[in-house]
Number of protein chains: 2
Amino acid sequence: MANKKLTMPVWNNQAPEPGTYRSIFKWGDPEEFKHPSEQLFDLIRSEFNLPDSHFEKPENEGFDLVELPDHPSLLDRKHVEAIENIVGEENISLSDYDRLNYSSGYAMEEIMEMRSGEIHEISDLVVHPRHTDDVRAVVRYCNENKIPIYVFGGGSSVNFGLRPTKGGITLVMCTHMNKVIELNEMDKTCTVQAGMMGPAYESALNNAKELFGTKKNYCCGHYPQSFEYSTVGGWIVTLGAGQQSSYYGDAYDIVLGMEFVTPVGDIKTHNFRATATGPKVNDILKGSEGTYGICVEVTCKIFYHQPENYVPMGFMFKTFEEGIAAAREISQGEFGFPGVMRISDGEETSMGLKLYGIEGTWMGTAIDLFGYKSGERSLFLMQAEGEKGFARNVAKNIRKICRKHGAMYLTGYPIKKWEHGRYRDPYLREDLGDYGLIIDTFETSVSWSNLHNLHQKLREYIKQRPHTMAMSHASHFYSEGTNLYIIFFTHMDKLEEYRRFQKGIFETIVANGGSLSHHHGVGRMIAPWMEEHLGKVQLDVLKTLKRHFDPNNIMNPGGQMGVDYEASDLKDHEWRIDWKKM
Amino acid sequence: MANKKLTMPVWNNQAPEPGTYRSIFKWGDPEEFKHPSEQLFDLIRSEFNLPDSHFEKPENEGFDLVELPDHPSLLDRKHVEAIENIVGEENISLSDYDRLNYSSGYAMEEIMEMRSGEIHEISDLVVHPRHTDDVRAVVRYCNENKIPIYVFGGGSSVNFGLRPTKGGITLVMCTHMNKVIELNEMDKTCTVQAGMMGPAYESALNNAKELFGTKKNYCCGHYPQSFEYSTVGGWIVTLGAGQQSSYYGDAYDIVLGMEFVTPVGDIKTHNFRATATGPKVNDILKGSEGTYGICVEVTCKIFYHQPENYVPMGFMFKTFEEGIAAAREISQGEFGFPGVMRISDGEETSMGLKLYGIEGTWMGTAIDLFGYKSGERSLFLMQAEGEKGFARNVAKNIRKICRKHGAMYLTGYPIKKWEHGRYRDPYLREDLGDYGLIIDTFETSVSWSNLHNLHQKLREYIKQRPHTMAMSHASHFYSEGTNLYIIFFTHMDKLEEYRRFQKGIFETIVANGGSLSHHHGVGRMIAPWMEEHLGKVQLDVLKTLKRHFDPNNIMNPGGQMGVDYEASDLKDHEWRIDWKKM
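Just so it is clear, the structure is predicted and the values come from calculations on it, not from any experiment. (Residues numbered from 1 in each chain as written. Chains lettered and ligands numbered in written order. Predicted model: local features only at pLDDT ≥ 70, side-chain atom pairs only at ≥ 80, totals over all residues. Heavy atoms only, no water.)

Residues and elements named next belong to chain A. In terms of burial, strand S16 (residues 437-447) is a largely internal element, 10 of the 11 residues being buried. With 11 bridges joining them, S16 and strand S18 (residues 481-491) adopt antiparallel strand pairing. Note that in S18 the partner of Glu443 across the bridge is Tyr485. (Buried < 20%, exposed > 50% of the residue type's maximum accessible area, 1.4 Å probe, protein only. Helix = DSSP H or I, 4+ residues; strand = E, 2+ residues; numbered from the N terminus. Pairing = 2+ DSSP bridges.)

When chain A is fitted to chain B, the residual RMSD is 0.0 Å, and the transformation amounts to a turn of 180° plus an axial shift of 0.0 Å. Here the two chains are linked by the operation of a two-fold rotation axis. Counting the interface residues of chain A, we find that 100% of their copies in chain B are interface residues as well, pointing to one common contact surface. (Least-squares fit on C-alpha atoms with pLDDT ≥ 70 in both. Contact = heavy atoms within 4.5 Å.)

If you look at the interface, chain A gives 83 residues, while chain B gives 83 residues. The junction of chain A with chain B conceals about 6400 Å² of combined surface from both sides, 60% of it contributed by carbon and sulfur atoms. One can count four salt bridges joining chain A with chain B. For Lys188 of chain B, the salt bridge is made with Glu334 of chain A, and the minimal N-O distance between the two is 2.9 Å. Applying the counting rule to chain A against chain B returns 43 residue pairs in polar contact (both at pLDDT 80 or more). Secondary structure elements with two or more residues in the side of chain A that touches chain B: strand S9 (265-268), helix H12 (281-285), strand S11 (303-304), helix H16 (388-404), S16, helix H21 (530-534) and helix H22 (536-549) of chain A. Its residues assigned to classes, the side of chain A that touches chain B comprises 31 nonpolar, 35 polar and 17 charged. (Buried area = accessible area lost by both parts, 1.4 Å probe. Salt bridge = Lys/Arg side-chain N within 4 Å of Asp/Glu carboxyl O. Polar contact = N/O pair within 3.5 Å; in protein donor to acceptor, adjacent residues only side chain to side chain. Nonpolar A, V, L, I, M, F, W, Y, C, P; charged D, E, K, R; others polar.)

Further remarks concern the pairing of strand S13 (residues 340-344) of chain B. Residues and elements named next belong to chain B. Counting buried positions along S13 gives five out of five residues, so the element sits mostly inside the fold. In S13, alternate side chains face the same way, and those of Val340, Arg342 and Ser344 on one face and Met341 and Ile343 on the other are all buried. Pairing of S13 with strand S14 (residues 378-384) involves four bridges; the strand directions are antiparallel. By the bridge assignment for S14, Met341 is matched with Met382. The pairing of S13 with strand S17 (residues 468-474) spans two bridges and is classified as antiparallel. Pairing of Ser344 across the sheet is with His473, part of S17.

Our focus in this paragraph is the UniProt feature "domain: FAD-binding PCMH-type" (unreviewed entry) in chain A. Per the UniProt record, "domain: FAD-binding PCMH-type" (unreviewed entry) is found at residues 119-305 of chain A. Between the C-alpha atoms that bound residues 119-305 of chain A there is a distance of 44 Å. The span itself is 25% helix and 24% strand. (UniProt positions renumbered as here; feature names shortened; annotations may be inferred.)

Attention shifts here to the UniProt feature "active site" (unreviewed entry) in chain A. Residue and element names in this part refer to chain A. According to UniProt, the feature "active site" (unreviewed entry) maps to Tyr485 in the numbering used here. Its place among the elements puts Tyr485 in strand S18. A relative accessible area of 10% means that Tyr485 is categorised as buried. In contact with Tyr485, other than residues within four places in its own chain, are Gln225, Thr441, Phe442, Glu443, Met471, Ser472, His473, His519 and His520. Separated by 3.3 Å, the side chains of Tyr485 and Thr441 make a polar contact.

In this section: the sheet that holds S18 of chain A. Residue and element names in this part refer to chain A. With respect to topology, seven strands assemble into an open sheet ordered S15-S12-S14-S13-S17-S18-S16, the strand pairing being antiparallel. Strands with a single pairing partner mark the edges of an open sheet, and in this sheet they are strand S15 (408-409) and S16. Taken together, the seven bridges between strand S12 (residues 311-317) and strand S14 (residues 378-384) define a ladder with antiparallel strand orientation. Each residue of the ladder has a partner; that of Phe315, found in S14, is Phe380.

With that settled, consider a positive patch on the surface. Taken together, the side chains of Lys388 and Arg392 of chain A together with Lys396, Arg399, Lys400 and Arg403 of chain B present a region of like positive charge at the surface. Secondary-structure elements contributing two or more residues to the positive patch are H16 of chain A together with helix H16 (388-404) of chain B. Here the positive patch gets four residues from one element, more than from any other, and that element is H16 of chain B. When its relative accessible area of 53% is taken as the criterion, Arg392 of chain A is described as exposed. (Patch = residues over 30% accessible without salt bridge, like charges linked within 9 Å, V, L, I, M, F, W, Y side chains within 5 Å. Areas by Shrake-Rupley, 256 points an atom, 1.4 Å probe, with all protein chains shown as cover. Lys, Arg positive; Asp, Glu negative; His and termini not counted. Charge placed at Lys NZ, Arg CZ, Asp CG, Glu CD.)

Here we come to the sheet that holds strand S1 (residues 92-93) of chain A. Residues and elements named next belong to chain A. Strand order in the open sheet formed by four strands is S1-S2-S4-S3, with mixed pairing between adjacent strands. Two strands bound the open sheet, and with one partner strand each, they are S1 and strand S3 (149-152). Two elements, strand S2 (residues 125-127) and strand S4 (residues 169-172), share three bridges in a ladder whose sense is parallel. Counted as the bridge partner of Val127 is Leu171 from S4.

On to helix H20 (residues 495-511) of chain B, then. Residues and elements named next belong to chain B. Look at H20: 24 Å from first C-alpha to last across 17 residues, which is about the 24 Å you get at 1.5 Å a residue. The complete set of buried residues in H20 reads Leu495, Tyr498, Arg499, Phe501, Gln502, Gly504, Ile505, Phe506, Thr508, Ile509 and Val510. Elements in contact with the buried residues of H20: helix H5 (108-115), strand S16 (437-447), helix H19 (448-463), S17, strand S18 (481-491) and helix H21 (530-534). Looking one or two residues beyond H20, the residue adopting positive phi is Gly513, at roughly 80°. (Expected span 1.5 Å × (residues − 1).)

A few words now on the packing of helix H19 (residues 451-463) of chain A against helix H20 (residues 495-511) of chain A. Two packed helices can be described by the angle between their axes and the distance between those axes. All names here are of chain A. Contact geometry of H19 with H20 gives a least axis separation of 10 Å together with a crossing angle of 160°. Relative to H20, the element H19 is oriented roughly antiparallel. Both H19 and H20 take part in a crossing whose hand is right-handed. Residue-level contacts link Leu454, Lys457, Leu458, Tyr461 and Ile462 of H19 to Arg500, Phe501, Gly504, Ile505, Thr508 and Ile509 of H20. Grouping the constituent residues of the contact of H19 with H20 by class yields seven nonpolar, two polar and two charged. (Axes fitted to C-alpha atoms, helices over the stretch in contact; angles between N-to-C directions. Parallel < 35°, antiparallel > 145°, perpendicular 65-115°, else oblique. Left-handed = near helix turned anticlockwise from the far one by under 90°.)

This part covers the packing of helix H3 (residues 77-87) of chain B against helix H6 (residues 132-145) of chain B. All names here are of chain B. Two elements in contact, H3 and H6, have axes separated by 9 Å at closest approach and are oriented at 160°. With respect to their mutual orientation, H3 and H6 come out roughly antiparallel. The hand of the H3/H6 crossing is right-handed. Residue-level contacts link Lys78, His79, Ala82, Ile83, Ile86 and Val87 of H3 to Asp134, Ala137, Val138, Tyr141, Cys142 and Asn145 of H6. When the residues that make up the contact of H3 with H6 are grouped by side-chain class, the tally is eight nonpolar, two polar and two charged.

Further remarks concern the packing of aromatic side chains. All names here are of chain B. Scanning all chains against the criterion turns up 51 aromatic pairs over all chains. Aromatic pair Trp27 and Tyr106: ring centres 4.8 Å apart, planes at 80°, arrangement edge-to-face. With Trp27 in the loop between helix H1 (21-25) and helix H2 (38-48) and Tyr106 in the loop between helix H4 (96-101) and H5, this residue pair connects regions lying 79 residues apart in the sequence. By the burial criterion, Trp27 is buried, and Tyr106 matches it. (Phe/Tyr/Trp six-rings, centres within 6.5 Å; stacked < 30°, edge-to-face > 60°.)

Residues and elements named next belong to chain A. The domain boundaries assigned to chain A delineate domain 1 (77-172), domain 2 (180-304), domain 3 (307-422) and domain 4 (527-581). Listed as interface residues are 12 residues of domain 1 and, on the opposing side, 12 residues of domain 2. The interface formed by domain 1 and domain 2 holds one salt bridge in total. Between Asp266 and Arg136 there is a salt bridge whose closest N-O contact spans 2.5 Å. (Domains from an automatic or database assignment.)

What follows is the structure, encoded as structure tokens:
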């Protein structure tokens, strides 16, 4: 399948014009780009069987200005005025652009919609609360007047978690409610407003000595790929997991207490790690995805900032099976966990060797020479951290276990390359999308004993579609299991085909014992499968809580998390719910 | 305060006669006893200011046979027959003895009641379900007929968790539902029936190679003082914590999934350590104390059985403050936790040196000589465990930190003595009770930053009563805080005085920022303070869940956990709720 060299397209390298669709769906910093490498471009051409002519002209680039004459705000002006009286006129917006912007996340489907000019339901009024009192007043007003409230944290939702399916207002948490309230060095905790963005939070902790006069500097321990465009509150209400979660814990583990504003009143949970005073309301609020109330403040466990103790490592295994066997032994070894743990299957390993620039180097040659076969071999990246002796002992055990499972040691080079690009991969989506290429991800929790079955079933499903790549890794580890994170990559420019394809993925997961989501949350995208996955008796518990906290169904209403509609609304899992008709 | 030597009483050394009150309230194995040492007895005499004549004759020993003509079973015979048809006649009992026995836990107040012949509310029918189908059928029948159901696990409740305040039936889980269902070595989990007792579970895991053909032997990691008389299901529904919890986690952390039978249907949660599919019903059921449904099956994380890696250690600090400072540094050190961590305040240290037989030995002398002053000094016991290198590194860090805080190393001797008696201290209560002496415990969670304040306030409250000892330790550690476990010891033989005294303890905790319970649960004893402690908005969430799972209020009804009564029922925190009148 040798291809004659084609000059790469001239990738877009311009910050999107303000006010355009592209400025909404482009990931991250407007001035930042990540273009496909030549290796990646060659791979695309060979894998996807696209003619050279395909790359002559980009399409659906979203350069148009957002103007939505057919989607006026439907909120009665008296309500607009009332909200304005609460937060001040500088903190509301009725503009088409703002209303679309704050109603959109980064699901592939949302991006495809915006590229093709399909406008989904959008907010009627964007509101930037200044503090908890504003949030409380807005919730009270909206509850009295039965106006839906949606919450925008950092905006990185990938499952329609921000979509205002019932209209109403959208509260933007990151604009003002983004400060550190207290760093308690004695308890090793930090209390922040829920709208604080990841980098600002991490920077405050990293510079704690200077900023807060503490004895040490700290770090937050939660570094999801969306780190730069997500909020502390968002991490918790969607049950996120960072890329170093195996050591630091998931957002679920890191949060200690929260303050919530709900239609039935405020809740401030105690900051106890453990109590025996009945089921914990703090737990009930974690992962509630805006359906029970609004998280305004969180108290999190923090960690020492000690990068000097990092022990980066990389290994190559003969097969994914061998790599997973080692990963299981590490996760169950009772010597503690490394921070990063990331093991790729055969197909992802091939891509990784290209992306990290290992293919073609002495290291790539050595891997070949030692008989680690392309397509089968499995790349395992790790980084031990924590106290120095702890990190060293973790590393020592890992090396021993990996050796036992026939791994070749690759030094810390590959993880350094990975780390460099860890937050940058999403930037690739714009270039690819300009040529109708989809790169999308989904993820599931799985027990060790079901991992290979589920992996195989998911690959079978994806690979039945011609010219479709499926790259998998496991990256969050527990004694009892891990997650599977699957990236599919293909040429597909019809929204309807995409939706149908995605439906099959969720069906495959549910039918084969994975969880519907490991750390992306439910949103509206996965909600239709919640009843089948959890069972009616369990979903009814979440629905009862919904009715309790939000008797007028104003909090993120219209299908979010599956708690305010009946399975019968779904007409045998129709692949697209018409939320408006609900 | 020198006392002339008094001959110790002849402590009771006879297994209680079957059928007597004493056979119910005596802790543990009928044939096992632990008598006060001479040192302890001398201390009792001097501290409590009791005349020699006080010890001439034991009182209220509970030698009478249980005969309750005034407390007949009030359950209609047609219901008795219906239940009998479900479980078989050999699995029900209407005897007075069984009805009292399975309605009683080990709260000091319950023991005092039985000693003084005060009979509380008791079960109308004792039922021993054989399997989940029995439980399901009984719950269905009782729900249809609105018959209350109480659940007896291993019977070690210390907060009236078993008290059938509304009559009805009591299900005894430990009789038949006590088997291992599956040991999954791949996932390092074990699924057991909820009624399995601690020692049987631990023994099965310790002998897994032989019993289940596994590659390794395992342990359960949960060793509360009630270990021998508590069930795996009971650990979880009361949110227990074992004496090695700092390393293994609390019951809350150990359980992965559960099967529950509730009036609205069965729930079997997925065995995922982490998912992002909304709030976790598994979490909601943890700590539900029989008020939402009945736990019939649990899947727990298990651990390698590797006692060869234990590193036992003991230290003496100049003060409790120094010891706590070291404990905090250890808990926040990010090198992992030891299993046992137990630090005693000044008063408990004095007692510990007596109980562990250190006083009067060369070690005791050395402690004195090096200037660790009696009454101020603080004993810290620890045991590192886990993988060998991990345990050694934990121990190394602990030694370094303790040295920094001025501690004297005491070898592993004191912890070995403690370990020997770890499950045996409750046996002391019978001898003491025979002479009107009370030794009782309560416990609370607390942040590091509030620990000394709460400790001082609780001591002030207890010590204002003359001739009352108050011994405290912290024994469950987290990065953010710990627990305080307070033992008070005094002469007090009036139930009413005891109840009033206890009320003051809970009031002191709530007023000073502790949690109402760290690991004993709520039961009926602490329930009256739940609303003040959690706030109405939070308690309302638990009440809503109660109504959801149990619309007819048949599951452990009558005040358990505070979820089925209103605070207004309490008449300004009357120190005793008349549950019958509710």
